[in-house]
Amino acid sequence: MGIARCWQSAGGRDHGNIGLDNGESGGEKEEERVFSGAVCRQHLLHLYTSITSLIFASRRPSPPPTDLLRLSSRRLVWATKAQSLTTMATEQDDCVGTVKGQIAKLFEVSLKVTVPNEPDVEPLVAACNGKFGDYQCNNAMGLWSKIKGKGAPFRGPPAVGEAIKNNLPTSEMIESCSVAGPGFVNVVLSKDWMAKSIQKMLIEGIDKWAPLPPVKTAVVDFSSPNIAKEMHVGHLRSTIIGDTLARMLEFSKVKVLRRNHVGDWGTQFGMLIEFLFEKFPNFEDATETAIGDLQAFYKASKQRFDADPAFKERAQQAVVRLQGGEDKYRRAWAQICEISRNEFHKVYQRLGVHLEEKGESFYNPYIPGVIETLTKQGLVEESQGARVIFIEGVNIPLIVVKSDGGFNYASTDLSALWYRLNEEKAEWIIYVTDVGQQQHFDMFFKAAKRAGWLPHGDSSYPRASHVGFGLVLGEDGKRFRTRNTEVVRLVDLLDEAKSRSKAALIERGKGEEWTEEEIESTAEAVGYGAVKYADLKNNRLTNYTFNFDQMLNDKGNTAVYLLYAHARICSIIRRSGKDIEELKNKGTLVLGHKDERDLGLHLLQFAEVVEEACTNLLPNVLCDYLYNLSEIFSKFYSNPECKVIGSDMETSRLLLCEATAVVMRKCFNLLGITPIYKI
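Residues numbered from 1 in each chain as written. Predicted model: local features only at pLDDT ≥ 70, side-chain atom pairs only at ≥ 80, totals over all residues. Heavy atoms only, no water.

## What about the packing of aromatic side chains?
Between two aromatic rings, the relevant description is the distance of the centres plus the angle of the planes. Quick reminder of the rule: Here is the rule: rings of Phe, Tyr and Trp (six-membered ring for Trp) pair when centre to centre is within 6.5 Å. Planes less than 30 degrees apart are stacked, more than 60 are edge-to-face, and the remainder are tilted. Helix numbers and strand numbers start at the N terminus; a helix is a DSSP run of H or I with at least 4 residues, a strand a run of E with at least 2. Each residue is placed in one exposure class: buried if its accessible area under a 1.4 Å probe, protein chains only, is under 20% of its type's maximum, exposed if it is over 50%, and partly exposed if it falls in between. In this scheme, the term charge over a ring applies when either NZ of a lysine or CZ of an arginine sits within 6 Å of the ring centre and within 35 degrees of the ring normal.
Applying the stated criterion to the full structure yields 25 aromatic pairs. Measuring from centroid to centroid gives 5.3 Å for Phe 277 and Tyr 329, while their planes differ by 70°, and the two rings are edge-to-face. Taken together, the residues Phe 277 in helix H9 (residues 268-279) and Tyr 329 in helix H13 (residues 327-351) connect sequence positions 52 residues apart. The exposure class assigned to Phe 277 is buried, which follows from its relative accessible area of 13%. Seen from their ring centres, Phe 546 and Phe 548 are 5.0 Å apart, and the 85° between their planes marks the pair as edge-to-face. Neither residue differs from the other here; Phe 546 and Phe 548 are each classed as buried. Ring pairs connect the aromatic residues Phe 362, Tyr 363, Tyr 366, Trp 418 and Tyr 419, which therefore count as one cluster. Lys 253 extends its terminal NZ or CZ atom over the ring of Phe 251, reaching a point 5.8 Å from the ring centre.

## Digging into the environment of Gly 352
Inspection of the secondary structure assignment puts Gly 352 in the loop between H13 and strand E7 (356-357). For the pair Gly 352 and Ile 240, spaced 112 residues apart in sequence, the C-alpha to C-alpha distance is 9.8 Å.

## A closer look at the nonpolar core
To keep it simple, the criterion reads: Grouping buried Ala, Val, Leu, Ile, Met, Phe, Trp, Tyr and Cys residues that are joined through side-chain atoms within 4.5 Å yields what is termed a nonpolar core. Only heavy atoms enter the contact rule, under which two residues are in contact if any of them lie within 4.5 Å.
Counting 162 residues, the largest nonpolar core has Leu 493, Phe 546, Phe 606 and Val 663 as its most contacted members. The element best represented in this core is helix H27 (residues 650-671), accounting for 13 residues. Apart from the residues within four sequence positions on either side, Leu 493 is in contact with Val 233, Phe 480, Val 488, Val 531, Phe 546 and Phe 548. Counting residues in each nonpolar core, the second largest holds 36 residues, with Trp 418, Ile 429, Met 443 and Trp 453 among its members.

## Some remarks on the sheet that holds strand E4 (residues 184-189)
Short version of the rule: Strands are treated as partners if at least two bridges between them are detected by DSSP. Each axis is a line fitted through C-alpha atoms, and for a helix only the stretch in contact is used; angles between axes span 0 to 180 degrees, taken between their N-to-C directions.
What the four strands build is an open sheet, ordered E1-E2-E4-E3; its pairing is antiparallel. Taken across any chain shown, the strands that pair with only one partner, and hence form the sheet edges, are strand E1 (125-127) and strand E3 (174-180). This sheet shows a mean twist of 25° between the axes of neighbouring strands, independent of strand direction. Most of the contacts of helix H6 (residues 157-166) go to E3, to which it runs at about 170°, and overall it touches E3 and E4.

## Side note on the pattern of salt bridges
Here is the rule we go by: For this document, the term salt bridge refers to a Lys or Arg side-chain nitrogen within 4 Å of an Asp or Glu carboxyl oxygen.
Inspection of the entire model under this criterion finds 46 salt bridges. Two residues, Glu 356 and Arg 259, come together in a salt bridge whose shortest N-O distance is 2.6 Å. One end of the pair, Glu 356, is in strand E7; the other, Arg 259, is in strand E6 (residues 255-260), with 97 residues separating them in the sequence. Across the salt bridge formed by Glu 278 and Arg 314, the nearest N and O atoms sit 3.3 Å from each other. One end of the pair, Glu 278, is in helix H9; the other, Arg 314, is in helix H12 (residues 309-323), and 36 residues separate them in sequence. A relative accessible area of 33% places Glu 278 in the partly exposed class. One salt-bridge network, held together by shared partners, links Glu 274, Glu 278, Arg 304, Asp 308 and Arg 314.

## Section: the side chain of Arg 540
Put simply, the rule reads: Counted as positive: Lys and Arg. Counted as negative: Asp and Glu, with His and the chain ends omitted from the count. Residues adjacent in sequence count toward polar contacts only when both atoms are side-chain atoms; beyond that, a polar contact is any pair of N or O atoms within 3.5 Å, and within protein one must be able to donate a hydrogen and the other to accept it.
For Arg 540, the position within the fold is in the loop between helix H20 (516-536) and strand E14 (544-545). Buried charge without a salt bridge: Arg 540, with Asp 535 as the nearest opposite-charge side chain at an N-O distance of 9.4 Å. A polar atom in the side chain of Arg 540 sits 2.8 Å from the backbone oxygen of Gly 468. Those residues in contact with Arg 540 that sit more than four places away from it in its chain are Arg 237, Ile 241, Val 467, Gly 468, Phe 469, Gly 470, Asn 616, Leu 617 and Leu 618.

## Some remarks on the side chain of Asn 260
With respect to the element layout, Asn 260 can be found in strand E6. Residue Asn 260 is classed as buried on the basis of its relative accessible area, which comes to 5%. Engagement of the side chain of Asn 260 in a polar contact is seen with the backbone nitrogen of Ser 224, the distance being 2.8 Å. Here the side chain of Asn 260 touches Tyr 348 through a polar contact of 3.2 Å, side chain to side chain. Ignoring anything within four residues of it in the chain, the contact list for Asn 260 reads Phe 222, Ser 223, Ser 224, Pro 225, Tyr 348, Leu 355, Glu 356, Glu 357, Lys 358 and Gly 359.

## Section: the confidence of the model for the chain
Which entries qualify depends on this criterion: On a scale of 0 to 100, pLDDT captures the predictor's confidence in every residue.
A residue-level look at the chain finds 84% of positions with pLDDT of 70 or above and a mean pLDDT of 84. Within the model, the stretch residues 1-13 combines pLDDT values under 50 with 64 contacts to residues more than four positions away or in other chains. Confidence over residues 15-93 falls short of pLDDT 50; this stretch has 203 contacts with residues more than four positions distant or in other chains.

## Observations concerning the environment of Leu 124
Note on placement: Leu 124 falls in the loop between helix H4 (99-114) and E1. According to the relative accessible area criterion, Leu 124 is partly exposed, its value standing at 47%. Sequence spacing of Leu 124 and Ala 104 is 20 residues, and the spatial spacing of their C-alpha atoms is 7.4 Å. Aside from chain neighbours lying at most four places away, what touches Leu 124 is Gln 136, Cys 137, Asn 138 and Asn 139.

## Some thoughts on helix H7 (residues 191-204)
Applied cut-off: Multiplying 1.5 Å by the residue count of a helix minus one yields the expected span of that helix.
Look at H7: 20 Å from first C-alpha to last across 14 residues, which is about the 20 Å you get at 1.5 Å a residue. Within H7 the residues assigned to the buried category are Trp 193, Met 194, Ala 195, Ser 197, Ile 198, Gln 199, Met 201 and Leu 202. The elements touched by buried residues of H7 are H4, E4, helix H23 (580-586), helix H24 (594-604) and H27. Where H7 terminates, the next one or two residues include Gly 205, which has phi positive at roughly 105°.

## Observations concerning the sheet that holds strand E5 (residues 217-221)
What holds strands together in a sheet is hydrogen bonding between their backbones, with the strands either parallel or antiparallel. The parallel open sheet is built from five strands, whose spatial order is E7-E6-E5-E11-E12. The sheet terminates laterally at E7 and strand E12 (463-469), the two strands that pair on one side only. Sheet topology note: the strand E11 (residues 428-434)/E12 ladder contains seven bridges and is parallel. Bridging from a neighbouring strand, Asp 434 pairs with Phe 469 of E12. Most of the contacts of helix H16 (residues 409-422) go to E11, to which it runs at about 145°, and overall it touches E5, E6 and E11.

## Details of the pairing of E5
Stated formally: The path from the first strand over the helix to the second decides the hand: if it runs clockwise while the strands point away from the viewer, the crossover is right-handed.
Burial analysis of E5 places five of its five residues in the buried class, which makes it a mostly covered element. Both faces of E5 are covered, namely the face carrying Thr 217, Val 219 and Asp 221 and the face carrying Ala 218 and Val 220. Across five bridges, the pairing between E5 and E6 is parallel. Considered in E6, the bridge of Asp 221 is made with Arg 259. At this point the chain moves from E5, through helix H8 (residues 233-251), to the parallel E6, and the crossover so formed is right-handed. Summarising the sheet, E5 and E11 pair through four bridges and their orientation is parallel. Across the sheet, Val 219 pairs through a bridge with Ile 429, a residue of E11.

## A closer look at unusual backbone geometry
Looking along the chain, the bond that leaves Tyr 461 and enters Pro 462 is cis, with omega of 5°. Note that Pro 462 resides in the loop between helix H17 (438-450) and E12. The residue Asp 120 is not glycine, and still its phi comes out positive at about 60°. The residue Asp 120 is located in the loop between H4 and E1 in this model. A relative accessible area of 75% means that Asp 120 is categorised as exposed. In this model, Gln 384 sits at a positive phi of 55°, which is unusual for a non-glycine residue.

Below you can see the structure in the form of C-alpha cells.
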C-alpha cells in the first residue's frame, strides 16, 4: 500500500480504519435568520493551488536544517504559555469567557492577599452540585500543607478557607459565600447577575460566551480516506468527531486548518494506473460512469497485480514513472484522484463537513530534507538496512526509511508535522484516527520531542494530540458490515438514515401538512443528525453499536428527541404571538423561581462545558450537556408554577425559552447537526 493511510499487518494507518484488508428543516424564515446569525465562522480557510501542481519535487524545496532547529527555541517560548485551555478575556477580545474563569479571577486576587509569600498559586475552582453553592474554591488544604510551620497566622485549612473568603473582592457576580469542611469556599451566584448575563447574551449573541484558548492556530487532521477506495463506516467516526472538534475550536476563536490527509501517493498507484491504461486506452476519456465502482476497480487491479507477473512488472515501472514526473502518468494519477474526490464529496456534502485536502503527495517532496536534518541531529540510525529512530521504552524502532530506500507512514507524518509547525505556525496539531494506531502516534510524537520540535511536557505548546476512537459494531457485536460481509458504504448508510426519517414523518401525517421541500429538509436534518449524535454521545474511546431503531427513537438521549425539544421551544415562542427580538431589548429576564434559576445556571455553564470538551477532546461532554439542558428545561416548563404563556412573568419566561433555544442551536451547530423549528 506504500504510504497510503490504510493500515495492513505492518501497521500503517487510515483515518477511520476498522481493520479492513485489501478486499475490503424546514423552519420559519425569522427563526432561520436568528439561527444563521448565531453561527458565525471566525476564520476562512486559505485556498491552495491544485494538488497536482503541488507535488512536483522540483517546485518544492526541502526544509533547511536551520528552520527545523529554530523550532527548539520556539518551544521555550510556547512552554511558558498557560497550561489550562482557557484564558480570561481582554477588552480587545470582547468576550466574557467562562463563569468559572471569572470566579477564578476573583479568587486569584484573594489568594495573593491571603498568602502573599506564596506566588503563582493557581485558583482551584470547580462547579458544585448545588447543595452548598454553585461554585467552590478548593485551595485551602493544599495551601495549608505549604505554609504550616512557616509562621502563617492560620490554625488549619478551615482558617485558610475563611481568610480566602474574607479577602474576596466585592463583585456583583456573588450573592453569598460560605466555608465548609476543611476550608472549601462555596460561592452562590447572584440571581440578578445571572439574569443580566443571559439577557446580555441574547442581545449581543452567544459568541460572547466563547471560551478563549491560549492558541491561535490549530490543525485538525481527520477523515483522510484512501484514493480509489470507498469511504466506509469506519471513516464515519473520524469525520464526525474531527468536524466537531474543529467546530468547537472555531467557536473558541481559534483559526482551524481542517486537513484531509488523503492516501493519494504510494506503490498502489502503479497498478491502478496500468489497469486504467489497459481498460481505457484513451484513459482521459474514462469517466466516473465508465470506471464504475472504484472499490471494484481497485479489487480488480489488485487481483491482476497478484496473478499476472507481466502486469506486476509494468505496474512497478509505472510507480517509477509517476514519481519521476512523467506527464502521462501524472495525468492518469490526477484523474484517479479526481474521481475519488467526487465520491468523497458526496459524503461530505451529506454530513455538512468542510475540509481542505493536503494529501500524502503534498508532503512527499519535504521528506528527504526532514530525514537529512534528523540524521544530522543524530536521531536517525542504521538498523538491518533500514534507517530508524529509536524510541526510549519501546521495543521496536520507528522506521523512517525502509530497507529498499522507500519512505513510509512515519516519513510522511514527520514531514507533515514539520510543515504544520514551521510553515503553518500551528500550535496544536490534532490527529483523529482509530485507537489501533495509538502506538504509532506515541512513537511519532516522542521522535518529534527528541528532535526538539515539541516540548517534553504534555501541557504546554506546541502540542500534538492523538484523538483515538473505538469501532463501529453491528448488532452481532462484530465490526459493522453488510450481510455479504462487505463494508458498509457511508453514502448508503446516510441515505438509509434519511429514508427512514422521511418514512417516520410521512407516518406522522406530515406528508399532508408540509411541502415536499419541508419534508426533505427535515428528513435530512433528523436522519443525518441522528447518525452523528449516536456516535458523538459516546465516549470516543469506546466501541458503539450502530442501530437505526435506537438512533431514530424520539425518546431518550437521541438527536431526534433533542431536535423535537428545540422545535417545541420555538413553537412556544411562536404561539405567544410576541416579537422575541423586541422582548430582548425591552423586556427583563428574572430568575425568581428555583426551576428558573436552575435553568439559568445551566445555560451560563455552556462556555465551560465547551472548554472542557476542547481541553479533553471529548465531544460527548457537550452531548451530555445538551441532553441535560433539555431535561432541565422540561422540568421548568412542566412546572405549573412556571407557566409561560398568559402568566404575569410571560415576558421573562419567553426570554428564558429563547435563551435555551439559542444555546441548543449552538450545541447543534458545534455537533454538526441542523436544527428543526417545527414538528
